[in-house]
Structure formats: C-alpha cells, structure tokens
Amino acid sequence: MQDIDVLRYPIGRYQPDQAISIEQTKQLIGAIRDFPVSLTELVGKWGDDRLDTPYRPDGWTVRQLVHHIADSHINAYVRTKLALTETNPTISPYEEQEWAKLPDSTLDIALSLVILRNLHERWATILDALTETDLQRTYYHPGAQRQYTLSDVIGMYVWHGEHHYQHIYRLAERNGWV
C-alpha cells in the first residue's frame, strides 16, 4: 500500500469472513460493546487543537470522525432492527461526506461518545440474543447493490470502529500525543 492508502486504510480494506462460528460472533459482539470505552479513553480528554486536526491530508478531523462513527453506528443499529422485524428490507443509504459537513459535526465530541456508549450497549444486547437463524436475516443496501446478513453487519461494524480508531490512534502516534 502507498502511504496515502495506509493513512486511509490503516488496518486494510474490509474483508468479510466467509464463515464465522458462533463463538467468533460472540467475540465480535463483545468488541462492539467495548468499542465506545476504548474510543473515549483515547480522545475523551483531548482539547480542540487535537480534535480539529485532520487524521490525514484532505481527511476529516478527529471531531468529524467521532461524530461520523456515531452517525454510522446509529444507522447500523436501525438497520439491524429493520432486518429483524421485516423481510429483507431495503435500507436508506446516506451521504456520509455531506453529513460530515452539517453543523452538528462541530459540536463537542462528548455528545457522540455518550450516544455511542448507550447505543452500543443496546445494540450488543440485541446482537447477543440472536440465534444462528437470526444471524442470517438480511437487508438490502441499494447503494452497494447487495444484500447483507446480520452476521456480515457485525463483522463490518467491528472493522469500521477499529478502522476509525486506528485513524485517530496513528495520528496521535505521529504527533507524539500517546
């Protein structure tokens, strides 16, 4: 990978697991439950100078990343509930680049950190209760033009959280903040 690719994809691009066991799924759900604590420990006490630093050239700021993670994971939570209560629903995609420009992306990150903590607890509670049959329930993403199983979604959002965590952590390393 070139340097810009490493900055954009510090843990590589998402590669879905072909088949994961129920034990692996439980570990992934634990990672979803624990993610907000790790993120808060990393950025929770940072000042505006750090929060308003882009994680890479032409990239979002740390503040925008934290708010983006909340936006994205709220959508994932709702999509999970839709998949559990409807038959292969078509979800509504959103323009994340445009959402990152909205005024709430300039707010204090504590608002999104609290959302993430509570949201992930609710999400993990639902995910913990899923049977193997439930894990195969699906939704259709018209932007990606594909169907996702809830099993896929769990792995994808563990990756998504770690992907953005590493953006922030590696920025902190480069700047001597950790």
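How each quantity is defined
Residues numbered from 1 in each chain as written. Predicted model: local features only at pLDDT ≥ 70, side-chain atom pairs only at ≥ 80, totals over all residues. Heavy atoms only, no water. UniProt positions renumbered as here; feature names shortened; annotations may be inferred. Helix = DSSP H or I, 4+ residues; strand = E, 2+ residues; numbered from the N terminus. Core = buried A, V, L, I, M, F, W, Y, C linked by side-chain atoms within 4.5 Å. Buried < 20%, exposed > 50% of the residue type's maximum accessible area, 1.4 Å probe, protein only. Expected span 1.5 Å × (residues − 1). Contact = heavy atoms within 4.5 Å. Phe/Tyr/Trp six-rings, centres within 6.5 Å; stacked < 30°, edge-to-face > 60°. Lys NZ or Arg CZ within 6 Å of the ring centre and 35° of its normal.

Under the annotation held in an unreviewed UniProt entry, the protein chain carries the name Putative metal-dependent hydrolase and is attributed to Fibrisoma montanum.

Novice: Any details on the UniProt feature "domain: DinB-like" (unreviewed entry) in the protein chain? Residues and values, ideally.
Specialist: If you check UniProt for "domain: DinB-like" (unreviewed entry), the listed places come out as residues 39-168 in our numbering. Taken end to end, residues 39-168 has its terminal C-alpha atoms 9 Å apart, with 62% of it in helix and 6% in strand.

Novice: Lay out the nonpolar core in plain terms, naming residues and giving numbers.
Specialist: In terms of nonpolar packing, the biggest core is built from 21 residues, with Leu39, Val43, Trp46, Val62, Val66 and Ile168 touching the most fellow members. Residue contributions to this core peak at five residues, all from helix 4 (residues 62-85). Within the second largest apolar cluster, 20 residues are counted, among which are Tyr77, Ala124, Leu130 and Leu150.

Novice: Residues and numbers for helix 4, please.
Specialist: Taking 1.5 Å as the rise per residue, helix 4 with 24 residues should run 34 Å; its terminal C-alpha atoms sit 35 Å apart, in good agreement. Judged by how many residues are buried, helix 4 sits mostly within the fold: 18 of 24 residues are covered.

Novice: Describe the side chain of Ser112, listing the residues and the values that go with them.
Specialist: Relative to the helices and strands, Ser112 resides in helix 6 (residues 109-128). Classification of Ser112 as buried rests on a relative accessible area of 6%. Contacts of Ser112, omitting those with residues within four sequence positions, involve Val66, His67 and Ala70.

Novice: Please set out the environment of Ala19 residue by residue, giving values where relevant.
Specialist: Within the element layout of this structure, Ala19 appears in the loop between helix 1 (3-8) and helix 2 (22-43). The spatial distance from the C-alpha of Ala19 to the C-alpha of Asp152 is 9.4 Å, given a sequence separation of 133 residues.

Novice: So what's going on with the packing of aromatic side chains? Which residues, and what values?
Specialist: Applying the stated criterion across every chain, the model contains six aromatic pairs. Aromatic pair Trp46 and Trp177: ring centres 5.2 Å apart, planes at 80°, arrangement edge-to-face. With Trp46 in the loop between helix 2 and helix 3 (48-51) and Trp177 in the segment after helix 8 (150-174), this pair connects stretches of sequence that are 131 residues apart. Residue classification places Trp46 among the buried positions, given a relative accessible area of 11%. On the basis of an interplanar angle of 10° and a centroid distance of 6.2 Å, the ring pair of Tyr165 and Tyr169 is categorised as stacked. Of the two residues, Tyr165 and Tyr169 are both situated in helix 8; the distance of four residues between them amounts to about one turn of the helix. One Lys or Arg, Arg146, reaches over the ring of Tyr148 and ends 4.0 Å from the middle of that ring.

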